[in-house]
Amino acid sequence: MIEVGQSVEVSVTSAANGGHCVGRADSGQVVFVRHALPGERVTARITAVGKGGRFLNADAVQVLQPSAHRVAPACPWAGRCGGCDFQHADDEVQRHMAVDVVADLLRRLGGVSSIHGAALEVALAWVPLEHGPAGGGSRSRVRYVVGADGVLSMRAHHSHELVPVGVCPLGMPVAAQAAAAHEGTPGTEVEFVVDDDGEVVTVVDGIGDDLVTRRVDGRVWRLQPTGFWQVHPHAAETLSHLVCDAVAAQPGERVLDLYAGAGLFSASVAEQVGENGRVEAVESSQESVNDGATALADLTQVTFHHADTRRWLRERRGEAADVVIVDPPRAGVGAEAIADILRMGPRVLAYVSCDPATFARDARAAAEQGYHLTAVTLVDMFPMTGHIEVLGVFRPGAHDCPGGCD
Ligand SMILES: C[S@@+](CC[C@H](N)C(=O)[O-])C[C@H]1O[C@@H](n2cnc3c(N)ncnc32)[C@H](O)[C@@H]1O
């Protein structure tokens, strides 16, 4: 019986969801292995044994046959810090792994085999976002724990162990400067949030020292630093444009922006529907509702609802909507709420997801209501990590578009 701490040789076949790869040990056992790449043969140390020994979790400790896409990690803490999964992988293989993971989940959990008749690996679009080497500057907020010796630290993967990184290279340069200058109390959590004016707001144990300014397409938000905003400095604008292009809301239409945050998408679709249209932003955080309602006060067609999305939808059964946008947390929307949304008869549902597994599960629920994926775009918002951001566009009766669709 194999045990934690033992080593096995693994032939790594593909990427798996969650920042690791999957392969087989010589015994035939399935192994989820971190810090490896598809096509490699590695020696891996077992970190966990799955129920009944059906699979193993492991960490590559020696690369026997390296991938051509393996690179020397730029961060000295790669492999120990839990923040990054793929410091050892070049950009190209990170893109391929993300596409393969989403395609696999859509097939297995979503029951989706093709889009417009094209195989998923071909149909999935990829939008790169600018970042420096090894993901540098891709994060406008970086959170640390102050270690016992005062050194800024991050947690090891799935562990409370602190790794004394000092400064995380993924943060924007001003966040790195603020981190280098910070003298914190051991045990406190500190987060450096860079706003769109380049100011750094420091949040200690959840309390910020100022508001942050966000700007998209000329609109200005003043937000609590603890409220949700897209982390990559180019993500908010990119996602907002992608969503607006996908839904192309028409003057006078009713749009629901569910899990709306401070109304990033509401602001831009409001311009599309005009003064005679209606945009309803539903958000569970009072802080985000307050900040969003203030930022969008001039858009009289937008109404913010401080509510749980699922309950809000249940209370509106029988109503109609033309366009629905959802951007849920990792748990996804869920089959009941997907059914409630699609029974409103929208001509398009734009689904922004930070978890392709729940996205795929919700795609299956959408298909049961007669809505199918007509486009899926991956946005490179989290380089060096296993996190994957997806925009899926669902339309009624458009499965493989036999009648033609855009
Ligand atoms: C991924 S963020 C998206 C926010 C916004 N679309 C944006 O891009 O800035 C998800 C948002 O959903 C909110 N949320 C989480 N659970 C919710 C629920 N059950 N009902 C409504 N909003 C919820 C969170 O507070 C967060 O603001």
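Computed from a predicted structure; not experimentally measured.

A. Structural context of the pattern of salt bridges. For the coordinates displayed, the defined rule picks out 23 salt bridges. Between Arg278 and Glu280 there is a salt bridge; the shortest N-O distance is 3.4 Å. The partner of Asp362 in a salt bridge is Arg361, and the shortest N-O contact between them spans 3.3 Å. Looking at Asp362, the relative accessible area reads 1%, which means it is buried. A cluster of three or more residues bridged by salt bridges with shared partners is formed by Arg314, Arg317, Glu336, Asp340 and Arg343.

B. Seen up close, the pairing of strand E16 (residues 219-223). Of the two faces of E16, the one lined by Arg219, Trp221 and Leu223 is fully buried and the one lined by Val220 and Arg222 carries no buried residue. Relative to E16, strand E15 (residues 212-216) is paired through five bridges, and the arrangement is antiparallel. From the neighbouring strand, Arg214 faces E16, where its bridge partner is Trp221. Between E15 and E16, which follow one another and run antiparallel, lie two residues, and Asp217 among them has a positive phi close to 50°.

C. Region of the structure containing the site of the ligand. Every one of the 15 residues lining the ligand counts as a neighbour, but Gln230, Glu283, Asp308, Thr309 and Asp327 are closest to it. Contact between the ligand and Tyr259: a nitrogen atom at 3.3 Å from a main-chain N or O atom of the residue. In this structure, a nitrogen atom belonging to the ligand sits 2.9 Å away from a side-chain N or O atom of Asp327. Here the ligand, which alone exposes 600 Å², has 85% of that area covered by the protein. Residue composition of the shell around the ligand, grouped by class: seven nonpolar, five polar and three charged.

D. The arrangement of the sheet that holds strand E5 (residues 55-65) in detail. Strand order in the closed barrel made by the five strands is E1-E2-E3-E5-E4, with mixed pairing throughout. The average undirected angle you get between the axes of adjacent strands in this sheet is 50°. One ladder, built from five bridges, connects strand E1 (residues 7-16) with strand E4 (residues 41-49); its direction is antiparallel. Its bridge partner lying in E4, Ser7 is registered against Arg45.

E. Focus on the packing of aromatic side chains. Counted according to the given criterion, the structure contains six aromatic pairs. One aromatic cluster is present, built from ring pairs that chain together Tyr351, Phe359 and Phe394.

F. The arrangement of the state of the cysteines in detail. Tallying each qualifying case throughout the model produces zero disulfides. Left without a disulfide partner, Cys75 is nearest to the cysteine sulfur of Cys81, which lies 6.5 Å away. No disulfide involves Cys244; its sulfur sits 20 Å from the nearest other cysteine sulfur, which is in Cys354.

G. Focus on the pairing of strand E3 (residues 30-34). Pairing of strand E2 (residues 20-25) with E3, which is carried by four bridges, proceeds in the antiparallel orientation. Residue pairing across strands places Gly23 opposite Val31, the latter belonging to E3. Counted along the chain from E2 to the antiparallel partner E3, the turn is four residues long, and its residue Gly28 has a positive phi close to 100°. Pairing of E3 with E5, which is carried by five bridges, proceeds in the parallel orientation. Within the sheet, the bridge partner assigned to Phe32 lies in E5 and is Asn57.

Calculation rules
- Residues numbered from 1 in each chain as written.
- Predicted model: local features only at pLDDT ≥ 70, side-chain atom pairs only at ≥ 80, totals over all residues.
- Heavy atoms only, no water.
- Salt bridge = Lys/Arg side-chain N within 4 Å of Asp/Glu carboxyl O.
- Buried < 20%, exposed > 50% of the residue type's maximum accessible area, 1.4 Å probe, protein only.
- Helix = DSSP H or I, 4+ residues; strand = E, 2+ residues; numbered from the N terminus.
- Pairing = 2+ DSSP bridges.
- Near = heavy atom within 4 Å.
- Polar contact = N/O pair within 3.5 Å; in protein donor to acceptor, adjacent residues only side chain to side chain.
- Areas by Shrake-Rupley, 256 points an atom, 1.4 Å probe, with all protein chains shown as cover.
- Nonpolar A, V, L, I, M, F, W, Y, C, P; charged D, E, K, R; others polar.
- Axes fitted to C-alpha atoms, helices over the stretch in contact; angles between N-to-C directions.
- Phe/Tyr/Trp six-rings, centres within 6.5 Å; stacked < 30°, edge-to-face > 60°.
- Disulfide = S-S within 2.5 Å.

Without other data, these values stay purely geometric and don't point to any function.
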